[in-house]
Amino acid sequence: MKKTSSIIKLIVVGVALAICLVLATCSFRIPGTDYNYNSFASVIDLGLDLKGGVYALYEASSEDTANFSSKLDATKTRLSEMLRNRGYNDSVVVTEGNNRIRVSIPDEDDAQNLFQIIGTPAGIEFVMDSTDDVILTGDDVVSAVGAYGDTGNGASPYVQLILTDAGRSKFSQATANNIGSTMSIYLVYDGVREDSPITTATINAQIDTDPVITMGTGATESAAKNLADQINSGTFQLNLSMIDSGAEAAVLSGTALTISVVTVLIALVIVFVFLAVKYRLIGVSSIITMLIYGVVTIFVFAEFPLIQLSISSIAGILVGIGVAIDGCVIISERIRKEFLSGKSVSASYHAGNKKSISYILFSNIMLLCVAFVLALLGPASLLDFGIALIISTVISMLCVFFVFRFISQQFVNLFGVDDGKSGILGLKRPSDTPSVADNADASGVLEEGGAN
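Residues numbered from 1 in each chain as written. Predicted model: local features only at pLDDT ≥ 70, side-chain atom pairs only at ≥ 80, totals over all residues. Heavy atoms only, no water.

Points about the pairing of strand β8 (residues 141–150)
Then, number 1: Taken together, the 9 bridges between β8 and strand β9 (residues 155–163) define a ladder with antiparallel strand orientation. Paired with Ser143 across the two strands is Ile162, which belongs to β9.
Then, number 2: Connecting the antiparallel pair β8 and β9 is a turn made up of 4 residues, with Gly152 showing a positive phi of about 105 degrees. (Pairing = 2+ DSSP bridges. Helix = DSSP H or I, 4+ residues; strand = E, 2+ residues; numbered from the N terminus.)

The structure is reproduced here in structure tokens:
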């Protein structure tokens, strides 16, 4: 009964894995319909270095030329932060010459609109309607982030402002002194305030935290992000004028990309052959585990696009593959060692898994700590790598602890009852090494002889 159950489980896993592999990697027309199925892999967003994109070249200027170089670097940094908030984690912002900044982002439909916003900085003013007094200006704003969510009065697009300490203090005092009055927020272009405000709100209480700008009726999340970009561009220390734009070629594309993919596949095939030859069915369990790891990783990157797939994120995924293979090998070797000590196949399997958990868990936690540091504190160029490493490490741990152990358990159920069939599981012991059962029998004979 136990063997029958294991056979059924392996068949279900095999069929499900085959279907998932097709859905993850193959795009096709569904027979009898006009619907084209797009694989999960085909909808993963590609980064600038794999897909290519667009660039814009800006010329920076300022009426005050003092410390111009420092202002140029500060503007470049603010641009990078703004693009990261917008979701362009692998964007490239570099200085060219003494007064130019080049911005490159993946090819997007609204790229030119974004470039135009960057080059058209907007100031911002918080104005009391009753007195026309300006409470805050762009100088009091550190940054702005556009999003969609619950602002306390239902879900709507909004812009979260981060104020300076001085700006937060001024805003707190102004709202405390004007409870019951209305306040409007205006955009300012070239020193001229626009006629219509972005939004108008009634001050019901003192606000001593960073304010939120709720968008008007019918506004979209895209509009909120555009507004945040305009506000952020108003905090640049230099004025930017776009002087050129065009297509950006992919760093890795065409033949180079094909060769890279083929090389990785060949390496994986070599590893799979090694696992199958050395560890037999336990090695096959590792191979199935790695295939499931690949399917889950593709699904996660397709459905939860925290980052775009770039060269650095691929490196993070490959590290995750290595971690998963390493975990499977550690457990396999531990099982073999337990079997060599004289334990039965089943006892060796359970002991090997139990004794491997702490080492695998510790090494993965350490790797996760490194990945979090890279993602949170590292430069923008390492953000994709750090996030991909976090995702791949978590998936690899789950696959090793659950998938590998489940699959290998079924093979042990099928062939581990009789130690004579242990070879098919990749388990061998020297012919002169007694088993636990043999030791027990020998111990019993000696005890009886002593009793007589």
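After that view of the structure, there is still more to cover.
Brief notes about unusual backbone geometry
Glycine aside, residues mostly have negative phi angles, and peptide bonds mostly take the trans form.
Then, number 1: Notably, Asp132 is not glycine yet its phi reads approximately 65 degrees, a positive angle.
Then, number 2: As for its placement among the helices and strands, Asp132 is situated in the loop between β6 (123–128) and β7 (134–137).
Then, number 3: The backbone of Arg280 sits at a positive phi, close to 50 degrees, despite the residue not being glycine.
Then, number 4: Along the polypeptide, Arg280 turns up in helix α7 (residues 254–303).

What to know about the side chain of Thr175
Then, number 1: Within the fold, Thr175 resides in helix α5 (residues 165–177).
Then, number 2: Exposure remark for Thr175: the relative accessible area of 0% places this residue in the buried category.
Then, number 3: Here Ser172 takes part through its backbone oxygen, which lies 3.0 Å from a polar atom of the side chain of Thr175.
Then, number 4: Discounting residues that sit within four places of it in the chain, Thr175 has contacts with Ile203, Ala205, Gln206 and Ile207. (Buried < 20%, exposed > 50% of the residue type's maximum accessible area, 1.4 Å probe, protein only. Polar contact = N/O pair within 3.5 Å; in protein donor to acceptor, adjacent residues only side chain to side chain. Contact = heavy atoms within 4.5 Å.)

Focus on the sheet that holds strand β5 (residues 100–106)
Then, number 1: In space, the 4 strands of this open sheet follow the order β4-β5-β3-β14, with antiparallel pairing throughout. The sheet terminates laterally at β4 (92–96) and β14 (239–248), the two strands that pair on one side only. Pairwise comparison of adjacent strand axes, ignoring direction, gives a mean angle of 20 degrees for this sheet.
Then, number 2: Pairing geometry for strand β3 (residues 53–61) and β14, over 9 bridges, is antiparallel. Directly across from Tyr55, in β14, lies its bridge partner Gly246.
Then, number 3: Where helix α3 (residues 68–86) meets the sheet, it contacts β3, β4, β5 and β14, and its direction lies at approximately 165 degrees from that of β4. (Axes fitted to C-alpha atoms, helices over the stretch in contact; angles between N-to-C directions.)

A closer look at the side chain of Ser356
Then, number 1: Residue placement: Ser356 occurs in helix α9 (residues 345–377).
Then, number 2: Given a relative accessible area of 2%, Ser356 falls into the buried group.
Then, number 3: Within the structure, Ser356 has its side chain in polar contact with the backbone oxygen of Gly352 (distance 2.6 Å).
Then, number 4: Sequence-distant contacts of Ser356, that is, excluding residues within four places in its chain, are made with Ile330, Ile331 and Arg334.

Some points on the nonpolar core
Then, number 1: Ranked by size, the top nonpolar core spans 57 residues in total, and within it Met290, Tyr293, Phe301, Val400, Ile407 and Leu425 carry the most contacts.
Then, number 2: The biggest single contributor to this core is helix α10 (residues 383–415), with 18 residues.
Then, number 3: Those residues in contact with Leu425 that lie beyond four places of it in its chain are Tyr279, Arg280, Leu281, Ile282, Val345, Phe411, Val412, Phe415 and Gly416.
Then, number 4: With 22 residues, the next largest nonpolar core counts Ile124, Val141, Leu163 and Ile213 among its residues. (Core = buried A, V, L, I, M, F, W, Y, C linked by side-chain atoms within 4.5 Å.)

Describing the packing of helix α8 (residues 311–340) against α9
Then, number 1: One way to put it is that α8 packs onto α9 with a least axis distance of 7 Å and a crossing angle of 145 degrees. Crossing angle aside, the handedness with which α8 passes α9 is right-handed. Where α8 abuts α9, its residues Val319, Val323, Gly327, Ile330, Ile331, Arg334, Ile335, Glu338 and Phe339 lie against Val345, Ser348, Tyr349, Ala351, Gly352, Asn353, Lys355, Ser356, Tyr359, Ile360, Asn364 and Leu367.
Then, number 2: Looking at the contact of α8 with α9 residue by residue, the classes come out as 12 nonpolar, 6 polar and 3 charged. (Left-handed = near helix turned anticlockwise from the far one by under 90°. Nonpolar A, V, L, I, M, F, W, Y, C, P; charged D, E, K, R; others polar.)

Brief notes about the pattern of salt bridges
Opposite charge on two side chains lets them pair, provided their charged atoms get close.
Then, number 1: Taken as a whole, this structure holds 12 salt bridges when the rule is applied.
Then, number 2: For Glu338, the salt bridge identified is with Arg334, shortest N-O distance 2.7 Å. Residue Glu338 and its partner Arg334 are both found in helix α8; the two are separated by 4 residues, about one turn of the helix.
Then, number 3: Overall, Arg334 belongs to the partly exposed group, its relative accessible area being 23%. (Salt bridge = Lys/Arg side-chain N within 4 Å of Asp/Glu carboxyl O.)

Points about the environment of Ser241
Then, number 1: When you line up the elements, Ser241 lands in strand β14.
Then, number 2: Sequence spacing of Ser241 and Glu59 is 182 residues, and the spatial spacing of their C-alpha atoms is 5.2 Å.

Examining the sheet that holds β8
Then, number 1: Judged by pairing direction, the sheet is antiparallel, and its 3 strands sit side by side in the order β8-β9-β13 without closing on themselves. Strands with a single pairing partner mark the edges of an open sheet, and in this sheet they are β8 and β13 (212–214). Each strand of the sheet is rotated relative to its neighbour by a mean of 25 degrees, with strand direction disregarded.

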